[in-house]
Amino acid sequence: DTEVTQTPKHLVMGMTNKKSLKCEQHMGHRAMYWYKQKAKKPPELMFVYSYEKLSINESVPSRFSPECPNSSLLNLHLHALQPEDSALYLCASSRFLNTEAFFGQGTRLTVV
Amino acid sequence: GENVEQHPSTLSVQEGDSAVIKCTYSDSASNYFPWYKQELGKRPQLIIDIRSNVGEKKDQRIAVTLNKTAKHFSLHITETQPEDSAVYFCAIKGRGGAQKLVFGQGTRLTINP
């Protein structure tokens, strides 16, 4: 399996909802990442996990809560989001922090 | 901190011609330079990368060159084809604990038949 798989592909949620994005890889990669991408912009780093421990939090608001339950899974828990949080959320993984990163197909999130 | 500027923001070339996209960076500690291709509605895909101990790398029609002294690196696509049309992002990653992948602003490449 050489893929990073994200679910769901699309998500529409209200500002009072709680939802979670999921990311899975079975390549034995020990680093996993969450990125946010707005239209016509580059991906922006949100969080980095290395060996299941949070390594970087790019000053992301607490309404986004990451979780890495094991080396293959990465979740992003969402609560009380704002319409401006609507974006494509990309998960990526790499064998280690200093090796090439591969992206999942993303979750397109719309907050209404 | 790391910063990378990418030019041009849009590029239109005739099919069969070459395309060149350039990125400049400020942090001399940067040591990894990947290029990603993103088609509309799809994920960024790694197409080629280079590390700071190498000056040039080639993979079929694409090549990347790195000038560490001038702090710039470039993507070269030869014999362009319509399927090369996409947004291309350069990125940099530095040494040490940060290990953040920082992206350029992207270049929208259009190949005209």
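Scroll up to find the structure.
In this report, we go over the structure that sits alongside the text.

So, how was this worked out
- Residues numbered from 1 in each chain as written.
- Chains lettered and ligands numbered in written order.
- Predicted model: local features only at pLDDT ≥ 70, side-chain atom pairs only at ≥ 80, totals over all residues.
- Heavy atoms only, no water.
- Phe/Tyr/Trp six-rings, centres within 6.5 Å; stacked < 30°, edge-to-face > 60°.
- Pairing = 2+ DSSP bridges.
- Helix = DSSP H or I, 4+ residues; strand = E, 2+ residues; numbered from the N terminus.
- Axes fitted to C-alpha atoms, helices over the stretch in contact; angles between N-to-C directions.
- Salt bridge = Lys/Arg side-chain N within 4 Å of Asp/Glu carboxyl O.
- Buried < 20%, exposed > 50% of the residue type's maximum accessible area, 1.4 Å probe, protein only.
- Core = buried A, V, L, I, M, F, W, Y, C linked by side-chain atoms within 4.5 Å.
- Contact = heavy atoms within 4.5 Å.
- Polar contact = N/O pair within 3.5 Å; in protein donor to acceptor, adjacent residues only side chain to side chain.

Details of the packing of aromatic side chains
In total, this model carries 12 aromatic pairs over all chains according to the counting rule given. Within the aromatic cluster, the residues linked to one another by ring pairs are Tyr33(A), Tyr35(A), Phe103(A), Tyr36(B), Phe89(B) and Phe103(B).

Details of the sheet that holds strand S6 (residues 56–59) of chain B
All names here are of chain B. One open sheet accounts for 5 strands, arranged S1-S3-S8-S7-S6; its pairing is antiparallel. Edge positions in the sheet fall to strand S1 (4–7) and S6, since each has one partner strand and no second. Pairwise comparison of adjacent strand axes, ignoring direction, gives a mean angle of 15° for this sheet.

Things to note about the sheet that holds strand S7 (residues 64–70) of chain A
Residues and elements named next belong to chain A. Sheet architecture is open: 4 strands sit in the order S1-S3-S8-S7, paired in antiparallel fashion. Each edge of the sheet is formed by a strand with only one pairing partner; in this case those strands are strand S1 (4–7) and S7. Going from strand to strand, the sheet's axes swing by 20° on average, the running direction of each strand aside. Note that S7 and strand S8 (residues 73–79) share 5 bridges and pair antiparallel. Bridge pairing in S8 places Pro66 opposite Leu76.

Some points on the pattern of salt bridges
Scanning the model with the defined rule gives 6 salt bridges over all chains in all. With a shortest N-O distance of 2.6 Å, Glu52(A) and Arg30(A) are connected by a salt bridge. Linking Glu52(A) in the loop between strand S5 (44–50) and strand S6 (53–57) with Arg30(A) in the loop between strand S3 (18–25) and strand S4 (31–37), this pair joins segments that are 22 residues apart in sequence. Two residues, Asp49(B) and Lys57(B), come together in a salt bridge whose shortest N-O distance is 2.9 Å. Among the residues examined, Asp49(B) registers a relative accessible area of 11% and is labelled buried. Residue classification places Lys57(B) among the partly exposed residues on the basis of a relative accessible area of 36%.

What to know about the nonpolar core
One broad rule of soluble globular proteins: the nonpolar side chains tend to lie buried together. The biggest cluster of nonpolar side chains holds 24 residues, and the ones touching the most others in it are Trp35(B), Phe73(B) and Leu109(B). Counting residues in each nonpolar core, the second largest holds 23 residues, with Val4(A), Phe47(A), Val60(A) and Leu81(A) among its members.

A look at the environment of Gly104(B)
Of note, Gly104(B) is situated in the loop between strand S10 (101–103) and strand S11 (107–112). Given a relative accessible area of 0%, Gly104(B) falls into the buried group. For Gly104(B) and Glu5(B), which are 99 residues apart along the polypeptide, the C-alpha to C-alpha distance reads 5.5 Å. Ignoring anything within four residues of it in the chain, the contact list for Gly104(B) reads Pro42(A), Val4(B), Gln6(B), Phe89(B) and Cys90(B).

Overview of the side chain of Asp49(B)
Residue and element names in this part refer to chain B. Counting through the fold element by element, Asp49 comes out in strand S5 (residues 45–51). Engagement of the side chain of Asp49 in a polar contact is seen with the side chain of Tyr32, the distance being 2.7 Å. For Asp49, the side chain forms a polar contact with the side chain of Lys57, separated by 2.9 Å.

That is the geometry; function is a separate question.
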